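# Observations on the model geometry
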Amino acid sequence: MTKYATNTKNSTNNRPSKTCGKGSTTPQEERSYRDFYPDLRIQKPLQILRLTDLTNDELPTAQKNSHAAYLENPLPAIAPVFSKPVPTPVFRIIQHTPPHTIPPPLPPYTTYIEPSEDQLAQRTEYDMDEQDKQWLSLYNSKLSETSDIYCDFDYFEWVMDQLEKHWFDLVKDIPKDLKDTDQYPEDITCSVCDDGEAENSNAIVFCDGCDLAVHQDCYGIPFIPEGQWLCRKCMLSPETPVSCVLCPTDGGAYKQTNTNKWAHLTCAMWIPECHIQNVVYMEPIEGVEAIPKSRWKLTCYICHKRHGAPIQCSSKTCCTAYHATCARKAKLYMKMRGQGVIDSNHFRSYCDRHCPKEYKEKINVDESLRLATRELSRKIKLHQESPKNRTKKRKIIEETKPDGGKKMYSLKSPIIPVSILNEIASIPCPFGLKKKKDLIITISRYWALKKESRRGAALLKRLHLEPWTASSAINREEEEFKAQKFELLTTIRKDLEKIRLHLDMIRKREKQKLRVYRNISEQFELAINPIRPLLIPLLDKLKKYDKNDFFLYPVDVKLVPDYIIHIKTPMDFTTMTLKLDTYQYTDVELFRSDFEKIISNCKIYNLPHTVYFKAAVRLEKYSEDLFKQLLIDCKNQGIHVTNGLLES
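Residues numbered from 1 in each chain as written. Predicted model: local features only at pLDDT ≥ 70, side-chain atom pairs only at ≥ 80, totals over all residues. Heavy atoms only, no water.

Further remarks concern the overall build of the protein. Scanning the protein from terminus to terminus reveals 23 helices and 10 strands. Counting only contacts in the protein whose residues sit at least 6 apart along the sequence, the fraction spanning at least 24 positions is 57%. When the accessible surface of the protein is summed, it comes to about 46000 Å², and 55% of that surface belongs to carbon and sulfur atoms. (Helix = DSSP H or I, 4+ residues; strand = E, 2+ residues; numbered from the N terminus. Contact = heavy atoms within 4.5 Å. Areas by Shrake-Rupley, 256 points an atom, 1.4 Å probe, with all protein chains shown as cover.)

Here's what the structure looks like:
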């Protein structure tokens, strides 16, 4: 039996509870009926009495009049009715049951079959609410005054269902606005607590009118509504600008006070005299009138304005005053213990001189204070200028904004295209009505207004909770298309693989052909000019020995104009390379004569003590051994030195 905790007084005085009965501690609901009706026997058969067996004195007072009326017109006596005996069951015992005679198990009583797209299109899923009934009754009353047309509930639900389904099919493929994807940065912070962390139960919500970012707990949003969400300022005063009574800062998380004025939630939470009446919805703000006059006279040291009710530094020896919003913009130390807390003991704020060292190491408070002061001073100068100049500068500032200075508000009511109305009017309807198209147009206007009031949310529960079910047929078509696409891609991949194999074979074939061509060309060169393969490495060695490249290029006549006068047949290694590539050296003597020209020309033109002369002498000595080796190689390979051909 479950035990219930009792009060301390009851436990000490041992007083029984009133709900337990006489002297009992057990609740009345847990006691047996015998405690209340001890003489009742439920197994005893009831006695059947006839009305004639009773006398007038035995009847209650309320039944005496009816008994007198019965005596004047007596009814036949009621005989006791006995129930039939319970029938005896009859059964027989089966000794053996073959396996094939066992009946299969019965199917379940209820099975759910997912409706198809055609069935969902023919089914009317819209359910009327009280608002629809009120509007339809008013509309029918107006129709009855002018004509005999009457719109019943079934037809109204059918039209609303068709409008919603056609509209969903129309807008489901429209890409989302860039505002929903790219406008909000990842490091967005709450406008009230300046914290960027969010949880599932305390998410950051964006206003669809002014892009205000706030936590649910900070701004008082118990649950996120369907469709769009507007802050209190965009909901009550979307066009008229509002200003905070506690600070000069524009924009932010506004809430109304108990005197129908506007104030920032940040200011109300940081000012000790202010408090919030309903901490669930975080409104209204109270205690503005309780702020002392001395606080209203303080001047903010950040914006240098004597406006609103600034707060002061939490240091005991500092009286620096500043607005809560100005301090937030200047990134001063502002610590809150928990969100939605309105106790002044949980708020600590320090000026730039008394900020903790750990906080200053993370954030450059001096730089942020300087930037905030400069920005706020610009606004003060703009406010002090003449109205004409002020208007011009404001226009320039608004034009330079990314959104053109225009504020974004909630979407207007959707407009149904005429083609959809004509399509709905052409659908055969089971309800025979006259002037059906005019009635559909009127219902579509009401549908647009209701869609706007729901902030664009779907009116059908299925489309709102499970929008993917509305496009099952399209999904099937997409799956079939994907299957065909996959099959086509598989075929293309196989063909590409075949092409790759063919290309590999062609590449190998061309490599083999190139190898054969090189072998043939080498054999041909060896037959036509066998001396050339021996002259190429010899010339490379001579070039490599000339480290300063004195003999690599021809002598520049511009630098040495008299060179042609003294040297009639100039020669260099570059000219020899060209002659070697064009097969002009048919024997060793031609090659050696050109090399000797290089050495002789250098000795003729340069004096013996010059660098060029000495380099020519060293190169000449180095070439003697190379030419001796060349003669030996020619002899070994059977090449004539005089004509450069192979010996027969």
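So that's the structure; there's more coming.
Moving on, we come to the nonpolar core. Among the nonpolar cores identified, the biggest contains 58 residues, and V192, V214, Y219, W229, L246, I302 and Y322 are the most heavily contacted of them. Of all the secondary structure elements, the ones that give two or more residues to this core are α7 (216–219), β4 (262–264), α9 (265–270), α11 (324–329), β9 (333–336), β10 (347–350) and α13 (365–384). Among the elements that line this core, the one with the most residues is α9, at five residues. If near-sequence neighbours (up to four positions away) are discounted, Y322 is found in contact with C300, Y301, I302, P310, I311, Q312, C313, A327, L332, S349, Y350 and C351. If you look at the next biggest cluster of nonpolar residues, it comprises 30 residues, including W167, W447, L459 and L460. (Core = buried A, V, L, I, M, F, W, Y, C linked by side-chain atoms within 4.5 Å. Buried < 20%, exposed > 50% of the residue type's maximum accessible area, 1.4 Å probe, protein only.)

Moving on, we get to the environment of D366. The residue D366 is located in helix α13 in this model. Classification of D366 as partly exposed rests on a relative accessible area of 49%. Taking the C-alpha atoms as reference points, D366 and A330, separated by 36 residues in sequence, lie 8.6 Å from one another.

A few words now on a nonpolar patch on the surface. There is a patch of nonpolar side chains on the surface, built from L488, L489, I492, L496, I499, L503 and I506 and spanning about 640 Å² of accessible area. Checked against the element boundaries, I492 lands in helix α18 (residues 472–528). We classify I492 as partly exposed; its relative accessible area is 38%. (Patch = residues over 30% accessible without salt bridge, like charges linked within 9 Å, V, L, I, M, F, W, Y side chains within 5 Å. Salt bridge = Lys/Arg side-chain N within 4 Å of Asp/Glu carboxyl O.)

The first and last C-alpha atoms of helix α23 (residues 611–637) sit 39 Å apart over 27 residues, in line with the 39 Å expected at 1.5 Å per residue. The sharpest bend along α23 comes to roughly 25°, located at S623. Check the buried side of α23 and you find it contacts α19 (532–545), α21 (573–581) and α22 (588–605). Positioned one or two residues after α23, G638 has a phi angle of 75°, which is positive. (Expected span 1.5 Å × (residues − 1). Bend = angle between axes of the 7 residues up to and from the residue.)

Of the two faces of β9, the one lined by M334 and M336 is fully buried and the one lined by Y333 and K335 carries no buried residue. Here four bridges tie β9 to β10, and the two strands are oriented antiparallel to one another. Pairing of M336 across the sheet is with F347, part of β10. (Pairing = 2+ DSSP bridges.)

Between two aromatic rings, the relevant description is the distance of the centres plus the angle of the planes. Taken as a whole and assessed by the stated rule, the structure comprises 18 aromatic pairs. Ring centres 4.5 Å apart and planes at 20° place the aromatic pair W135 and Y446 in the stacked group. Here Y446 lies in helix α16 (residues 436–453) and W135 lies in helix α4 (residues 130–146), a separation of 311 residues in the sequence. Taking the relative accessible area as the measure of exposure, W135 reaches 21% and is therefore partly exposed. Its relative accessible area of 7% is what places Y446 among the buried residues. With 6.5 Å between their ring centres and 85° between their planes, F550 and F551 make a pair best called edge-to-face. (Phe/Tyr/Trp six-rings, centres within 6.5 Å; stacked < 30°, edge-to-face > 60°.)

It is worth spelling out the packing of α22 against α23 at this point. In the contact formed by α22 and α23, the axes pass within 9 Å of each other and the chain directions differ by 170°. The orientation of α22 relative to α23 falls into the category roughly antiparallel. Each of V588, F591, R592, F595, I599, C602 and K603 in α22 lies in contact with α23, whose residues at this interface are Y612, F613, A616, V617, L619, E620, S623, F627, L630, L631 and C634. Among the residues making up the contact of α22 with α23, the classes are represented as 14 nonpolar, one polar and three charged. (Axes fitted to C-alpha atoms, helices over the stretch in contact; angles between N-to-C directions. Parallel < 35°, antiparallel > 145°, perpendicular 65-115°, else oblique. Nonpolar A, V, L, I, M, F, W, Y, C, P; charged D, E, K, R; others polar.)

So, on to α21. Residues spaced three or four apart along an α-helix face the same direction, because each turn holds 3.6 residues. Residues of α21 that are buried include every one of F573, M576, T577 and L580, and no others. Projected down its long axis, α21 shows its buried positions confined to an angular sector of 105°, all on one face. Looking at the buried positions of α21, the neighbouring elements they touch are α19, α22 and α23. Positive phi shows up at Y583, right after α21, with a value of about 60°. (Arc of directions from axis to C-beta.)

Moving on, we come to the confidence of the model for the protein. When pLDDT is averaged along the protein, the result is 77, and 75% of the positions lie at 70 or above. Contacts from residues 338–342, a stretch scored under 50 in pLDDT, to residues over four places away or in other chains number 15 contacts. (pLDDT = per-residue confidence, 0-100.)

This paragraph deals with the side chain of K450. Relative to the helices and strands, K450 resides in helix α16. Judged by its relative accessible area of 7%, K450 falls in the buried class. A distance of 3.0 Å separates a polar atom in the side chain of K450 from a polar atom in the side chain of D132. Residues contacting K450, with those up to four places away along its chain left out, are Y126, D129, Q131, D132 and L459. (Polar contact = N/O pair within 3.5 Å; in protein donor to acceptor, adjacent residues only side chain to side chain.)

The general pattern is negative phi for most residues beyond glycine and trans for most peptide bonds. Residue E283 is joined to P284 through a cis peptide bond whose omega torsion reads -10°. Inspection of the secondary structure assignment puts P284 in strand β6 (residues 283–286). Of note in the backbone geometry, N260 takes a positive phi value of approximately 65° without being a glycine. Phi angles above zero are rare outside glycine, and D549 is one such case at about 55°. Assignment of secondary structure puts D549 in the loop between α19 and α20 (563–566).

Applying the stated criterion across every chain yields a total of 19 salt bridges. The shortest N-O distance in the salt bridge between K255 and E283 comes to 3.6 Å. One end of the pair, K255, is in strand β3 (residues 254–256); the other, E283, is in strand β6, and 28 residues separate them in sequence. Of the residues examined, K255 reaches a relative accessible area of 1% and is grouped as buried. One salt bridge connects E273 with R295, and the closest N-O pair in it is separated by 3.2 Å.

The next point concerns the packing of helix α5 (residues 153–171) against α16. Between α5 and α16, the shortest axis-to-axis distance is 10 Å and the interhelical angle comes to 65°. In the packing of α5 onto α16, the handedness of the crossing is right-handed. Residues Y155, F156, V159, M160, L163, E164 and W167 of α5 touch α16, and the partners they reach there are K436, L439, I440, I443, S444, Y446, W447 and K451. Of the residues contributing to the contact of α5 with α16, the split by class is 11 nonpolar, one polar and three charged. (Left-handed = near helix turned anticlockwise from the far one by under 90°.)

This next bit is on the side chain of D352. By the element assignment, D352 lies in the loop between β10 and α12 (357–362). We note that D352 is buried and unpaired, the nearest opposite charge coming from R353 at a distance of 4.8 Å. Here the side chain of D352 touches Y301 through a polar contact of 3.1 Å, side chain to side chain. For D352, the contacting residues outside a window of four places in its chain are Y301, L332, K360, V365, D366 and L369. (Lys, Arg positive; Asp, Glu negative; His and termini not counted.)

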